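Single-letter residue listing:
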Amino acid sequence: MRLTVAPTPTSRFRRLRKSAALRALSQENTLSVNDLIWPVFVRDGNGVREPIASMPGVERLSVDLIVKAAEEAAALGIPAICLFPYTDPALKTDDCAEAWNPDNLANRAIRAIKAAVPEIAVMTDVALDPYNAQGHDGLVRDGIILNDETVEALVKMSLAQAEAGADILGPSDMMDGRIGAMRAALEGAGHKDVAIMSYAAKYASAFYGPFRDAVGASGALKGDKKTYQMNPANSDEALRLIERDLTEGADMVMVKPGMPYLDIIHRVKTTFGAPTYAYQVSGEYAMIRAAALNGWIDGDRVMLESLMAFRRAGCDAVLTYFAPQAARALHAGRG
Ligand SMILES: NCc1[nH]cc(CCC(=O)O)c1CC(=O)O
């Protein structure tokens, strides 16, 4: 890009900042409800609403209330909701078989939402951690996370979710080769229109702490996830992972966490031009909420600024626990 900057006073950048009208005309990026995906936590029971201590304002909801949440999201114009199950610890095993049970909590929630609010896109989480007695995203043998055996399990899980009516599958496990295996299995089973949003560049991050409380995985997890999630020091590796997953059949690619990794988002979007997403994760949400609840920052304004930053960096949309709050603020003209 060739810069065309005349010296002051020929160019005065403040001319275009003079009024709301001129600022609107020269605004480069926008944030709308179309850019939001709402991650929600589902638990069993009926009429159950359970706060999550480390994520103030976020609750685990039973399936009936998740349907209400999906209705609310659709009414706000939010295009997609993403389901994370809080699994009864009694159902967690070493083989993670509950993950591909057609009637598990996540699959029941998919069916209930698609029956009541067919217009909202339902995204899922494809990873074994909610079902694993070991707390890891993969099967564990002798302390080692098994790659290829895990991919086989993820394929079964994906097919059960597609069967239940999921629109977008979200593999968040970081095993190698899972996108290709999932895509082949989906095609083979006739699920040709099920999209895959790969958590392609997912870092081994401390920002996931509150989420692990929310899905009840903190207690089970032994050790860390550094043998499969990325080293936060790496950037070129993210591009290679994104390219690999696009080649294997991912329709959409994600960078996670979000705000500390805006440089990665920007590189991904400018290199591939593919549909690019970020996950503003639980720890990012918790930091903004906690400061807002203490009166240290203006919560709504920081939230909207953080979401605009994702758009500026190159995201097509953002997974954010703020989705309904952001949608309401945008409808009220506060964006
Ligand atoms: N499959 C695990 C998974 N899927 C989404 C998140 C994190 C989301 C968040 O922190 O909001 C995690 C946590 C992890 O990898 O340990």
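Just so it is clear, the structure is predicted and the values come from calculations on it, not from any experiment.

Would you take a moment to explain the pairing of strand β10 (residues 252–256) for this structure?
For a regular strand, the rule is simple: side chains alternate between the two faces of the sheet. The element β10 is largely enclosed, with a buried count of five among its five residues. Here β10 shows no split at all, with M252, M254 and K256 on one side and V253 and V255 on the other all buried. Two elements, β10 and strand β11 (residues 276–280), share three bridges in a ladder whose sense is parallel. Considered in β11, the bridge of V253 is made with T276. With helix α8 (residues 262–272) bridging β10 and its parallel neighbour β11, the resulting β-α-β unit is right-handed.

Would you mind going over the packing of aromatic side chains with me for this structure?
Given two aromatic rings, one states the distance between the centres and the angle between the planes to describe the pair. Per the stated rule, a full pass over the model turns up 10 aromatic pairs. Connected via pairs of aromatic rings, a cluster forms that spans F41, F84, Y199, F211, Y279, Y285, Y321 and F322. For the cation-ring pair, K202 lies above Y208, with the distance from its terminal atom to the ring centre recorded as 5.4 Å.

Can you walk me through the UniProt feature "active site" (unreviewed entry) in the chain in this structure?
With numbering aligned to this structure, UniProt lists the feature "active site" (unreviewed entry) at K202 and K256. Taken along the chain, the residues just named run across 55 residues; in space they keep tight, none of their C-alpha pairs more than 4.8 Å apart. Looking only at the residues we just named, the largest cavity is lined by K202 and K256. Positionally, K202 belongs in strand β9 (residues 195–202). If near-sequence neighbours (up to four positions away) are discounted, K202 is found in contact with D137, S172, M174, Y208, Q229, M230 and K256. One polar contact links the side chain of K202 to the main-chain carbonyl oxygen of S172, over a distance of 2.9 Å. Along the chain, the position of K256 falls in strand β10. A relative accessible area of 9% means that K256 is categorised as buried. Dropping the residues within four chain positions of it, K256 is found in contact with Y199, A201, K202, Y203, Y208, Y279 and V281.

Thresholds, definitions, all that
- Residues numbered from 1 in each chain as written.
- Predicted model: local features only at pLDDT ≥ 70, side-chain atom pairs only at ≥ 80, totals over all residues.
- Heavy atoms only, no water.
- Buried < 20%, exposed > 50% of the residue type's maximum accessible area, 1.4 Å probe, protein only.
- Helix = DSSP H or I, 4+ residues; strand = E, 2+ residues; numbered from the N terminus.
- Pairing = 2+ DSSP bridges.
- Right-handed = clockwise from strand over helix to strand, strands pointing away.
- Phe/Tyr/Trp six-rings, centres within 6.5 Å; stacked < 30°, edge-to-face > 60°.
- Lys NZ or Arg CZ within 6 Å of the ring centre and 35° of its normal.
- UniProt positions renumbered as here; feature names shortened; annotations may be inferred.
- 1 Å grid on protein atoms, 1.4 Å probe; cavity = no way out; pocket = protein on both sides within 12 Å on 5 of 7 lines; lining within 4 Å.
- Contact = heavy atoms within 4.5 Å.
- Polar contact = N/O pair within 3.5 Å; in protein donor to acceptor, adjacent residues only side chain to side chain.

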